Amino acid sequence: MKYTVKLFATLRENRGKILEMEKSGKTSIREITEELGIKADDVAILLLNGRDAKLDDYPSDGDTISIFPPVGGG
Amino acid sequence: MNGYNGTVLRVNLTDGKITREALNQDEARKFIGGRGLATKMLMDEIDPKIDALSPENKLIFVTGPLTGTPTPTGGRYMVVTKAPLTGTVASSNSGGYWGAELKFAGYDAVIFEGKSEKPVYLNIVDDQVELKDAQPLWGKLVSEATAQLEEEHGKKAKVAVIGPAGERLSKIAAIMNDRGRAAGRSGVGAVMGSKNLKAIVVKGSNKVSIADEAKLKEVFARCMTKIKENGVTGQGLPAYGTAVLVNIINENGVFPTNNFQESVFGEAEEISGETLAEKYLKKKDPCYRCPIGCGRYCEVDDIKGQGPEYETIWAYGSDCGVSNLGDIIKANYWCNEYGLDTISAGATIAAAMELYQKGLIKEEEITGAPSLEWGNSQAIIDWTKMMGAVEGYGAKMAEGSYRLCESYGVPELSMSVKKQELPAYDPRGIQGQGIQYATSNRGGCHVRGYMISPEILGLPEKLDRFTLDGKAEWSKIFQDFTAAIDSSGLCLFTSFAMGADDYADMVNAVCGSDYTGTDFIEAGERIWNLEKVFNLEAGIDPSQDTLPKRLLEDPIEEGPSKGWVTKLSELLPQYYSVRGWDEQGIPTDEKLKGLGLK
């Protein structure tokens, strides 16, 4: 299965902006973030195809995962 | 007195008389200070029905009890007046250093009344206060006027000034202080211009008296730890400023594009906070005693200055279909120079672009002027200058998007509430923000109750952005809490980290008062209701508690929020009920009595 992982703000450091990942079996978002070395505490906003998601959600083939560290403003 | 100086300065511009009055302590306790207290003063002194640009209107520069004290972000001031853009009460809040300096000079507020025959400015040096001739400054851009006043009064003098937009009564004119900080919204700059008041220069040498230094030290340490440890105030805002929101809001599919015709901008990355930090950021530019430091200072070609903020990047960026961040920085710069509100200015250009797209603005109307094609980044700079100078077709746009669209018979194309341009979040995909926009006491605004915090950022907890459950209650609490924070003189951004008890403890340590967290929020509710009463008396009836037709009837066409409209008709009755107002949206006598407003 193929996923697009979009990283933002400080999470881009040493990882890049947009990562195309391919997995053979069912993979949770948590497994993906762990593989990228992103700590659960650093995941403040997590979106699956633009909708709120949880680390234990399983994306489908072709899905986009967007991950933000704690950021905000106004 | 502690916290407050206890003195209000009154300047009659008609006869040049300057007087000092004692601050009403009972009312200060009830309305905290700042936004709340000045709204009470305004209501006591003017008929809300008056023309905002007439000499009968009053213009109040006001601080909070924490302004100028050693508290985190304690440097805010507000401008309270009747707003020419909306007809509502205006309360435009600004940071920088000017507000703290007014406290150091010994005043809590300055009330301007009447109208000067000729352009003047007010010079305050502690208890020496005089009106001076501003004719040599009239017509000058903000940085020129500021530099000239600093030359005359010394670099330590802090300057609040209007640019040509305010002088020429643009209804979207701001008051600028410390060059790049703005009391931006609702046209407060035009009220200052209507009084022939160019600037207020202030220099103070006193310290604000603190009731309990030891307690303040303890509360300060506790709140600083919270601010530093909070991801938003400790890391996100310091590193990227507010512009970091561009990608977050776009990824959620609620980033208004081409005047809210779309909600996802394909080129968001090019105008993002990440790109700003990589390409244009020169340094951080924090306000007085701010441990967060979200302010940016950017440089592009021969332009350098403060900003841009997220809202500005959006208004001039995706809302106009523009992806050239360098040109957005330039447009922001010219807004600061002419003294225009960046949200209303950018959003008005976006509205003009839609009028042009639909063939309503004819080519011959703008012959020789910049193009109004979507995405034309030179045009956003050129139109800003023309709006700021209130010249040619720019004069029509300087009235704001509502009056512009109304002149073509299509006011519904103005993406505004109560004639004030909406900010950078499409409420169709953020239901709580929708009710907040519709009921905001100053029209289209995000900082009257920032529901983005729970609905998008997950602070203090994550709410489903599409559900209606609990949104009326959350909106009320956010509105009340915000009114209280504004009135205290701290920056709203502290609320990402601090709770009501923290603010109450801080005000108590400074003023020697005895607010609980609940009292603090209740004072906010009192302020909210008072603002509502002002608006009702001004003739802003609850039929204006609504949103542009597009947001109520046209579902978002693409992206993660596809298919959604704002479900205002369901939320509004819930909101009125939660507020303890009647079904028509009018505060009941019982509610007003309970809050001590009757």
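As a starting point, this report considers the structure included with it.

A tally of helices and strands in chain B yields 24 helices and 17 strands. Split into buried and exposed, the 598 residues of chain B put 67% on the buried side. Here the analysis covers contacts within chain B between residues at least 6 apart in sequence; of these, 69% occur between residues at least 24 apart. For chain B, the computed accessible surface area is about 19,100 Å², with 46% contributed by carbon and sulfur atoms.

Attention now moves to the interface of chain B and chain A. The interface of chain B with chain A comprises 32 residues on the first partner and 19 residues on the second. Note on chain B versus chain A: buried area summed over both sides is about 1,900 Å², and carbon and sulfur give 55% of it. Area buried by chain B at its contact with chain A is led by Tyr240, Ile248 and Glu251 of chain B, which between them contribute 26% of it. The interface formed by chain B and chain A includes four salt bridges. There are nine residue pairs in polar contact (both at pLDDT 80 or more) connecting chain B and chain A. Where the side of chain B that touches chain A is concerned, the elements lending two or more residues are α8 (231-240), α9 (245-251), α11 (310-316) and α18 (452-457) of chain B. Along the lines of polarity and charge, the residues of the side of chain B that touches chain A split into 17 nonpolar, eight polar and seven charged.

Quick look at the packing of aromatic side chains now. All names here are of chain B. Tallied over the entire structure, the rule returns 24 aromatic pairs over all chains. Considering the side-chain rings of Phe61 and Phe112, the 5.8 Å spacing of their centres and the 80 degrees angle between planes classify their relative orientation as edge-to-face. Of this pair, Phe61 sits in strand β3 (residues 59-63) while Phe112 is found in strand β6 (residues 109-113), placing the two residues 51 residues apart along the sequence. Given the relative accessible area of 0%, Phe61 is considered buried. Centroid distance Phe104 to Tyr288: 6.1 Å. Interplanar angle 65 degrees. Geometry classified as edge-to-face.

All names here are of chain B. Looking at the largest pocket, its volume works out to about 540 Å³. In terms of lining, the largest pocket is formed by 29 residues, of which the most central are Asp178, Arg179, Gly180, Tyr297 and Gln306. Of all the secondary structure elements, the ones that give two or more residues to the lining of the largest pocket are α4 (142-153), β9 (158-161), β14 (296-300), β15 (303-306) and α12 (325-338). The biggest single contributor to the lining of the largest pocket is α12, with five residues. The two domains that each donate at least three residues to the lining of the largest pocket are domain 1 (7-203) and domain 2 (252-414). Each pocket or cavity is described by its volume, and for the second largest pocket that value is around 370 Å³. Residues of the lining of the second largest pocket, tallied by class, amount to 14 nonpolar, seven polar and no charged.

Quick notes on the rules
Residues numbered from 1 in each chain as written. Chains lettered and ligands numbered in written order. Predicted model: local features only at pLDDT ≥ 70, side-chain atom pairs only at ≥ 80, totals over all residues. Heavy atoms only, no water. Helix = DSSP H or I, 4+ residues; strand = E, 2+ residues; numbered from the N terminus. Buried < 20%, exposed > 50% of the residue type's maximum accessible area, 1.4 Å probe, protein only. Contact = heavy atoms within 4.5 Å. Areas by Shrake-Rupley, 256 points an atom, 1.4 Å probe, with all protein chains shown as cover. Buried area = accessible area lost by both parts, 1.4 Å probe. Salt bridge = Lys/Arg side-chain N within 4 Å of Asp/Glu carboxyl O. Polar contact = N/O pair within 3.5 Å; in protein donor to acceptor, adjacent residues only side chain to side chain. Nonpolar A, V, L, I, M, F, W, Y, C, P; charged D, E, K, R; others polar. Phe/Tyr/Trp six-rings, centres within 6.5 Å; stacked < 30°, edge-to-face > 60°. 1 Å grid on protein atoms, 1.4 Å probe; cavity = no way out; pocket = protein on both sides within 12 Å on 5 of 7 lines; lining within 4 Å. Points joined across faces, edges and corners; volume = space filled by probe spheres on them. Domains from an automatic or database assignment.

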